[in-house]
Amino acid sequence: MRATWHRRVNSLVLLWLLAAALVALAHRWVPMSEWLLVHLLLLGAVSTAVLVWSAHFAEAVRRRPLPGGRTGQAVRLGVHSVAALAVVTGMVAGQSWLVAAGGAGVALTVLWHAVTLARLGRGALGVRLGFTAWYFVAAGLTLPVGVALGVLLARSDTAGPQAAQAYVAHVAVMMLGWVGLTVVGTMVTLWPTMLRVQLAQDATTAARHGLPVLAAGLLLVLAGAWSGIQVLAGAGLIGYLLGLLRASWPLVDEARRRAPETFASRSVGLAWLWLVTTVAWWAVLLLVAPTWDAAATSIGSLLGPLTVGFAAQVLLGALTHLVPTVLGGGPSVVRAARAAAERGGTARLVLTNGGLLAYLLPVPSLVRVGMSVLVLGALMATPVLVLRSAVLSRRERDRATGDPAVQGPALPPVELLVQPRRPAGPALAAVAALALVVAGGVAADPAAVGIGSSAAHGVEATGRVVTVDVEARDMRFVPDSVEVAAGDELVLRVHNVDDAVHDLVLDSGATTGRLAGGATALLEVGVVGRGMDGWCSVAGHRQMGMVFTVVVVGAEPGTESSSDGDSHEMDGSTSGATGVTAAGESEPSAALDLDFLADPGAAFAAADPVLGPAPAGTVHRLTLPVVEKEVEVAPGVTQMLWTFGGTAPGPTLRGAVGDTFVLTLVNDGSLGHSIDFHAGALAPDEPMRTIGPGESLTYTFTATRSGIWMYHCSTMPMSLHIANGMFGAVVIDPPGLPEVDREYLVVQSELYLGAQGGIADAAKVAAEQPDAVVFNGHANQYDHDPLVASVGDRVRIWVLDVGPNRSSAFHVVGGQFDTVFFEGAYQLGGPDAPASSATGGSQVLGLLPAQGGFVELVPPQAGHYPIVSHLMVDAERGAHGVLEVTD
């Protein structure tokens, strides 16, 4: 019965872990994926485990059964699961009432759990370890506070410093109170059991000392957040850290007597180190951050690694140790099941902890992506192995009862299953995988790790150190130059004042790494013997003027500064013969390979220009992942585009006046991006803000006016982000729009070609010198794969000019438009057109960048009707296609 109970509740934990893993794998298509990952793990898997194992350990140390027995515990687990699911569903669906209801259910369930544990303690205070159960009671009392703060944060009217204060308090209470206190109380008995050593003499005393200090620290954090006194909250974290260190003394003593040898004990031990280190770092951040917003941003940036490093590792380590034990079956079965769950343990720990550490370092974004994949794979291997060990245990227990249905060979001797020495091969393979990811990321972005020529230039050091403060502000470095004597050591303290991501890279290879808004970094240039140029390496920022110069006084002639020789790179000029690769290297421009008459090949398939009907319903949801993708933009010419959803133009949205659109932008790119929907009227401050790699935001608007509207990235330099593929269309049908026989969408944009496989040339964009003008992202594609219609068909063509710089004069050669809809209104024809306009016609739909509309025509004869921009130079460089009409 006991084994059956634990098998069922552990299955519930594993289901939450599976849900988190699925979200991680499909994060770019899942709304609020980052929030979901954290809460499926903490509110789902970890909280379920806390409810189960705190009861288990409380019964063990109090030596009494839980009031209400398994029935009461089963009801609490069921209510908690439903309530947690309601919280998750409410957040994703934007239903604050469901979030509040689910939060209340979670809070009441945990309060019931805390009261039950408190009742268990009456009359058992004389038990030596009985006091540790009060950790579980205290943890249960903190969760309702954390839930209330979480519900407050879910409300749309919670903003500004109050939101930052509530966020800090919410994270502290949930991570350090609900999860942290439970883990500290559990470790008193779990840790020596894992190590198979006697309890340290100081263990019970440390537990009694630690709880009030930990609780007082949490109360100070809450008081600081409530009052807005940041230093008080920081002092509370220092107090919590002191409580952790006191609780750690007996754990260290026990580990000195026998070092952790199993995956389970090492995983739990490493989780404890992540907890202690993160609390210390959070305390420093709260004490030194200039504002609550900056503190909340910094703490939030560490939440993901802490969730994995602490919460996930302690959960998986505990499951690995406890599941075989509670399933039972005798010593041989338990040891064999545990050995099955331990397989490859060292490699999993290396991948998880090495990957997390690398993720936190100032490494190229490609390294972070690769590390995330390795960590996820290592984490998910553990539940699979735990399930395998449970199956093995069940099979052997059934075999022992004489069940004839049992299949498979019997267990070999235990000594063959439990190896005294683990092979080093898997661990070495894990190290090699980490090294391979780092090497690949550095090779793709060497400047990010400071690979370049020496700044010293052979000069003798003077021993003096010069420190200069530099701000990244409004697309400039302030100051933009510094003078330093030859031989002095230069240190630049770079502070990013902007919201957008910046960095400072010197031609020596020294770099700050990418800095989020409000972040500061020390750039240790070293001994300086020559002049150097510096710049922001975020695409387009250098061309917008983010340059920096180090001028050396007393240097050898010709080495004072190198800026004169590179001035052409600063003023935006270009020869058109060179471009920039995705890695930032100068190479010949892909414009040299342009041939507008070239055949794209038999396998070529043009972008589908057909505009489908609006989907059913009045609420439209879509996740738009930022995808960096190499795309063919003309025959034999490719560019590394930044896209919404992997295509340029991005996905087309369609609806009616009054429809609501809920869009989730997920930044899977390597630099900051944003999104601006012209179809929605709202304050741009929050929904159009730039988000960094790995972040997401939800943009909600209601369409109040009809027309074809542009959406695009609004991160500076906006012209480059649009030119490099970050645009799309939203079609809001005018009321009473008649059905037609054929309906197409044409989006005109420009190509400013960098190197083959590189990004757009920012200098060409600034100089307004496009290499091509195209329809739907590819030059002349509808010459080879035409739009089609039949004689007498009414054809409607929606047209949007996304620029960023060129106007459009959309024209169908041989056709006449009897209906013209321009910028939200009919200029000719339409459902309410007067009879006097029946003989009127139009030849061109003229559009400035970001303008749009549609035209309608009825082809009178079979043939090939060219569709062009009647700015003829643009028609001759890619803005050309064919409407093929048949009988």
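Worth saying up front: this structure is predicted, and the values here are computed from it rather than measured.

Parameters at a glance
Residues numbered from 1 in each chain as written. Predicted model: local features only at pLDDT ≥ 70, side-chain atom pairs only at ≥ 80, totals over all residues. Heavy atoms only, no water. Helix = DSSP H or I, 4+ residues; strand = E, 2+ residues; numbered from the N terminus. Buried < 20%, exposed > 50% of the residue type's maximum accessible area, 1.4 Å probe, protein only. Contact = heavy atoms within 4.5 Å. Core = buried A, V, L, I, M, F, W, Y, C linked by side-chain atoms within 4.5 Å. Axes fitted to C-alpha atoms, helices over the stretch in contact; angles between N-to-C directions. Parallel < 35°, antiparallel > 145°, perpendicular 65-115°, else oblique. Pairing = 2+ DSSP bridges. pLDDT = per-residue confidence, 0-100. Patch = residues over 30% accessible without salt bridge, like charges linked within 9 Å, V, L, I, M, F, W, Y side chains within 5 Å. Areas by Shrake-Rupley, 256 points an atom, 1.4 Å probe, with all protein chains shown as cover. Salt bridge = Lys/Arg side-chain N within 4 Å of Asp/Glu carboxyl O. Phe/Tyr/Trp six-rings, centres within 6.5 Å; stacked < 30°, edge-to-face > 60°. Left-handed = near helix turned anticlockwise from the far one by under 90°. Nonpolar A, V, L, I, M, F, W, Y, C, P; charged D, E, K, R; others polar. Lys, Arg positive; Asp, Glu negative; His and termini not counted. Polar contact = N/O pair within 3.5 Å; in protein donor to acceptor, adjacent residues only side chain to side chain.

Asks: Explain the overall build of the chain residue by residue, including any values.
Replies: Counting secondary structure elements, the chain contains 19 helices and 29 strands. Looking at the 887 residues of the chain, the share that counts as buried comes to 54%. Considering only residue pairs separated by 6 or more positions, the chain has 76% of its internal contacts joining residues 24 or more positions apart.

Asks: Talk me through the nonpolar core; I want residue IDs and the actual numbers.
Replies: Judged by nonpolar contacts, the single largest core of 117 residues is most densely connected at Leu 17, Leu 176, Trp 178, Leu 244, Trp 272, Trp 282 and Phe 310. The dominant element in this core, judged by the number of residues it contributes, is helix 6 (residues 160-195), at 20 residues. Contacts of Trp 282, omitting those with residues within four sequence positions, involve Val 171, Leu 176, Leu 237, Ile 299, Leu 302 and Leu 306. Within the second largest apolar cluster, 58 residues are counted, among which are Val 552, Trp 642, Ile 691 and Cys 713.

Asks: An account of the packing of helix 5 (residues 133-154) against helix 7 (residues 203-227) is needed here, citing residue identities and associated values.
Replies: Look at helix 5 against helix 7: their axes get within 11 Å of each other, and the N-to-C directions meet at 10°. Considering their axes alone, helix 5 and helix 7 lie roughly parallel with respect to each other. Residue-level inspection shows Trp 134, Tyr 135, Ala 138, Thr 142, Val 145 and Leu 149 of helix 5 in contact with helix 7, the latter providing Ala 206, Ala 207, Gly 210, Leu 211, Leu 214, Leu 218 and Leu 222.

Asks: A description of the sheet that holds strand 2 (residues 476-478) should follow, citing residues and the corresponding values.
Replies: An order of 2-1-4-6 is seen for the 4 strands of this open sheet, with the pairing classed as mixed. Of all the strands in the sheet, the pair left with one neighbour each is strand 2 and strand 6 (520-527). The sheet shows a mean angle of 25° between the axes of neighbouring strands, taken without regard to direction. Looking at chain direction, strand 4 (residues 489-496) and strand 6 are connected through 7 bridges and run antiparallel. In the strand pairing of strand 6, Glu 489 is matched with Val 527.

Asks: Got a sec to walk through unusual backbone geometry? Specific residues and values, please.
Replies: Most peptide bonds take the trans form, and the phi angle of most residues other than glycine is negative. At the junction of Val 478 and Pro 479, the peptide bond is cis and its omega measures out at -5° in the coordinates. The step from Met 716 to Pro 717 runs through a cis peptide bond, and the omega angle for that step is -5°. One can find Pro 717 in the loop between strand 17 (707-712) and helix 16 (718-723). Positive phi, close to 55°, is recorded for Asn 776, a residue that is not glycine. Mapping Asn 776 onto the fold places it in the loop between strand 20 (772-775) and helix 18 (781-784). Looking at Asn 776, the relative accessible area reads 7%, which means it is buried. Non-glycine residue Asn 780 carries a positive phi angle of around 55°. Among the structural elements, Asn 780 can be located in the loop between strand 20 and helix 18.

Asks: Give me the lowdown on the sheet that holds strand 16 (residues 696-702), citing residues and values where you can.
Replies: Taken together, 4 strands build an open sheet; the order of strands is 12-11-14-16 and the sheet is mixed. With one partner strand each, in any of the chains shown, strand 12 (637-644) and strand 16 form the two edges of the open sheet. With strand direction ignored, the average angle separating the axes of adjacent strands in the sheet is 25°. The pairing of strand 11 (residues 619-634) with strand 14 (residues 660-667) spans 8 bridges and is parallel. For Leu 624, the partnering residue across the bridge sits in strand 14 and is Leu 665.

Asks: If you had to explain the pairing of strand 16 to someone new, which residues and values would you point to?
Replies: Here strand 16 shows a clear split, with Leu 697, Tyr 699 and Phe 701 buried on one side and none of Ser 696, Thr 698, Thr 700 and Thr 702 buried on the other. Across 7 bridges, the pairing between strand 14 and strand 16 is antiparallel. In the sheet register, Phe 661 faces strand 16, and the bridge partner there is Phe 701.

Asks: Can you explain the confidence of the model for the chain? Please cite residues and give values.
Replies: This prediction gives the chain a mean pLDDT of 83; 86% of its residues lie at or above 70. Predicted confidence in the chain is weakest over helix 14 (residues 414-417), with a mean pLDDT of 40, and strongest over strand 18 (residues 727-733), with 97. Low pLDDT, under 50, characterises residues 559-576; the predicted model gives this stretch 35 contacts beyond four residues in sequence or across chains. Between residues 580-585, whose pLDDT stays under 50, and residues either more than four places distant or in other chains, the model counts 15 contacts.

Asks: Summarise a nonpolar patch on the surface; cite the residues concerned and give the values.
Replies: A surface patch of nonpolar side chains, about 1,000 Å² in accessible area, is lined by Val 213, Ile 229, Val 231, Ile 238, Leu 242, Leu 245, Trp 249, Trp 281, Val 284, Leu 287 and Val 288. Only helix 8 (230-257) and helix 9 (263-288) provide two or more residues apiece to the nonpolar patch. Per element, the largest residue contribution to the nonpolar patch is 5 residues, and it comes from helix 8. Of note, Val 284 is situated in helix 9.

Asks: Mind laying out the packing of aromatic side chains, listing which residues take part and the relevant values?
Replies: Enumeration according to the criterion identifies 13 aromatic pairs in this entry. Ring geometry for Phe 661 and Phe 701: centres 5.1 Å apart, planes at 15°, overall stacked. Of this pair, Phe 661 sits in strand 14 while Phe 701 sits in strand 16, and the two are 40 residues apart along the sequence. Exposure remark for Phe 701: the relative accessible area of 3% places this residue in the buried category.

Asks: Pulling in residues and values, what's your account of the packing of helix 8 against helix 9?
Replies: Running from amino to carboxyl end, helix 8 crosses helix 9 at an angle of 160°, the nearest separation of the two axes being 8 Å. As judged from the angle between their axes, helix 8 and helix 9 are roughly antiparallel. In this structure, helix 8 crosses over helix 9, and the sense of that crossing is left-handed. Here the contact of helix 8 with helix 9 is built from residues that sort into 21 nonpolar, 3 polar and no charged.

Asks: Kindly report on the side chain of Gln 165, identifying the contributing residues and their values.
Replies: On the secondary structure map, Gln 165 appears in helix 6. Setting aside anything within four residues of it in sequence, one finds Gln 165 in contact with Ala 225, Trp 226, Gly 228 and Trp 292.

Asks: Give a detailed account of the side chain of Asp 659, specifying residues and quantitative values.
Replies: Relative to the elements of secondary structure, Asp 659 occurs in the loop between strand 13 (653-656) and strand 14. Although Asp 659 lies buried, it forms no salt bridge, and the closest oppositely charged side chain, Arg 654, sits 9.3 Å away as judged by the N-O distance. Reaching out from Asp 659, the side chain makes a polar contact with the side chain of His 620 at a distance of 2.8 Å. Filtering out sequence-adjacent residues up to four positions away, Asp 659 remains in contact with Gly 617, Thr 618, His 620, Phe 701, Thr 702 and Ala 703.

Asks: Which residues make up the pairing of strand 4, and what values do they have?
Replies: One ladder, built from 8 bridges, connects strand 1 (residues 465-473) with strand 4; its direction is parallel. Considered in strand 4, the bridge of Ala 472 is made with Asn 496.

Asks: Explain the environment of Phe 644 residue by residue, including any values.
Replies: By the element assignment, Phe 644 lies in strand 12. Under the relative-accessibility criterion, Phe 644 is labelled buried at 0%. Note: C-alpha distance between Phe 644 and Val 666 (22 residues apart in sequence) is 9.2 Å. With residues near it in sequence (within four places) discarded, Phe 644 still touches Leu 624, Pro 625, Gly 650, Pro 651, Leu 665, Ser 674, Ile 675, Tyr 711, His 712, Cys 713, Met 726 and Phe 727.

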